[in-house]
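The lines below spell out each chain.
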Amino acid sequence: MIQTMGLSKSFDGVEVLKSIDLHVAAQEIVVLLGPSGSGKSTLLRCLNGLEQLSGGSVEVNGVRVDSDMPVSRKKANFNEIRRNTGMVFQQFNLYPHRTVLGNVIESLLVVKKMQRKEAELIGMQMLERVGLTDKRDEYPSRLSGGQQQRVAIARALAMQPSIMLFDEPTSALDPELVGEVLEVMKQLAKEGMTMVVVTHEMKFARQVANRVVFMDGGVIVEEQHPDLFFSQPQSDRARKFLNQLSEH
């Protein structure tokens, strides 16, 4: 479903990603772990064109983008990738002037040009998946952070993506609200959604991930099944990272 080859990304001459080779199979849940500044979020943003590639290539669901492609073709291919890829960010990015249902169906109306009645039917189905049908007419300001993030997930799901990307979806939440968002993500995993997740939620990584990819300094240091990664990390850097987490 996802493949990067020699992917690199630089900002102002500083190489943030260094020749990344990553493969994600259909229905696989891959968790990206690593210290702040290791390149995890940048890698995620490169997968759907939110950051331009400095080198190498990205292929998502059979659509490929090479760093040396003409700009017009890269743009067209990334637009196609985005149509099949949902992304959820740290911040919820909801429209404050639209209701919960209005936020969920916005892309269906604008991008897919659906009739409102059909879009609302899909929107309500997505709200049911995240347990928020009773909030359809509320505005984001009336919701908790956890509820807002669940609306953001419903909005991404409304486009019926084959892949979901999560960029630290619980980091902006109060601790007591984290669980409700993780429960939605666990349910998506049970349903067979292909997912790449940047997170510091170690328990989620242990329970849900098929594979942990540990990054540091813009490179993939090691890849392991969660059981092996957390019990027998192969690299000194991963061991140090886990020891620091356990101290906190």
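Now for a look at the structure at hand. What you are looking at is a predicted structure, and each value in this text was computed from that prediction instead of being measured.

This part is about the packing of helix H5 (residues 145-158) against helix H6 (residues 175-190). The geometry of H5 relative to H6 is characterised by a closest axis approach of 8 Å and an angle of 20° between their N-to-C directions. As the angle between them shows, H5 and H6 are arranged roughly parallel. Considering how the two elements wind past one another, H5 and H6 form a crossing that is right-handed. Across the interface between the two elements, Gly145, Gly146, Gln147, Gln149, Arg150, Ile153 and Leu157 from H5 touch Leu177, Glu180, Val181, Val184, Met185 and Leu188 from H6.

Before going further, it helps to spend a moment on the sheet that holds strand E2 (residues 14-24). Here we have four strands laid out as an open sheet, ordered E2-E1-E4-E5, and antiparallel in their pairing. Every other strand in the sheet has two partners, leaving E2 and strand E5 (63-66) as the edge strands with one partner each. Strand-to-strand twist of the sheet, defined as the mean angle between neighbouring strand axes without regard to direction, takes the value 20°. With four bridges connecting them, strand E4 (residues 55-60) and E5 associate as antiparallel partners. Bridging across to E5, Val58 finds its partner in Val65. The strands touched by helix H1 (residues 40-47) are strand E1 (2-11), E2 and E4; relative to E1, the strand with the most contacts, the crossing angle is about 115°. Its contacts with the sheet put helix H2 (residues 71-83) on E4 and E5, and the angle it makes with E5 is roughly 140°.

For the largest pocket, the calculated volume is near 530 Å³. Lining the largest pocket are 19 residues, and of these Arg82, Thr85, Met87, Ser107 and Met159 lie nearest its centre. Counting residues per element, the ones that place at least two in the lining of the largest pocket are H2, strand E6 (85-88), helix H3 (100-110) and H5. Class assignment for the residues of the lining of the largest pocket results in nine nonpolar, six polar and four charged.

What counts, and where the lines are drawn
Residues numbered from 1 in each chain as written. Predicted model: local features only at pLDDT ≥ 70, side-chain atom pairs only at ≥ 80, totals over all residues. Heavy atoms only, no water. Axes fitted to C-alpha atoms, helices over the stretch in contact; angles between N-to-C directions. Helix = DSSP H or I, 4+ residues; strand = E, 2+ residues; numbered from the N terminus. Parallel < 35°, antiparallel > 145°, perpendicular 65-115°, else oblique. Left-handed = near helix turned anticlockwise from the far one by under 90°. Contact = heavy atoms within 4.5 Å. Pairing = 2+ DSSP bridges. 1 Å grid on protein atoms, 1.4 Å probe; cavity = no way out; pocket = protein on both sides within 12 Å on 5 of 7 lines; lining within 4 Å. Points joined across faces, edges and corners; volume = space filled by probe spheres on them. Nonpolar A, V, L, I, M, F, W, Y, C, P; charged D, E, K, R; others polar.

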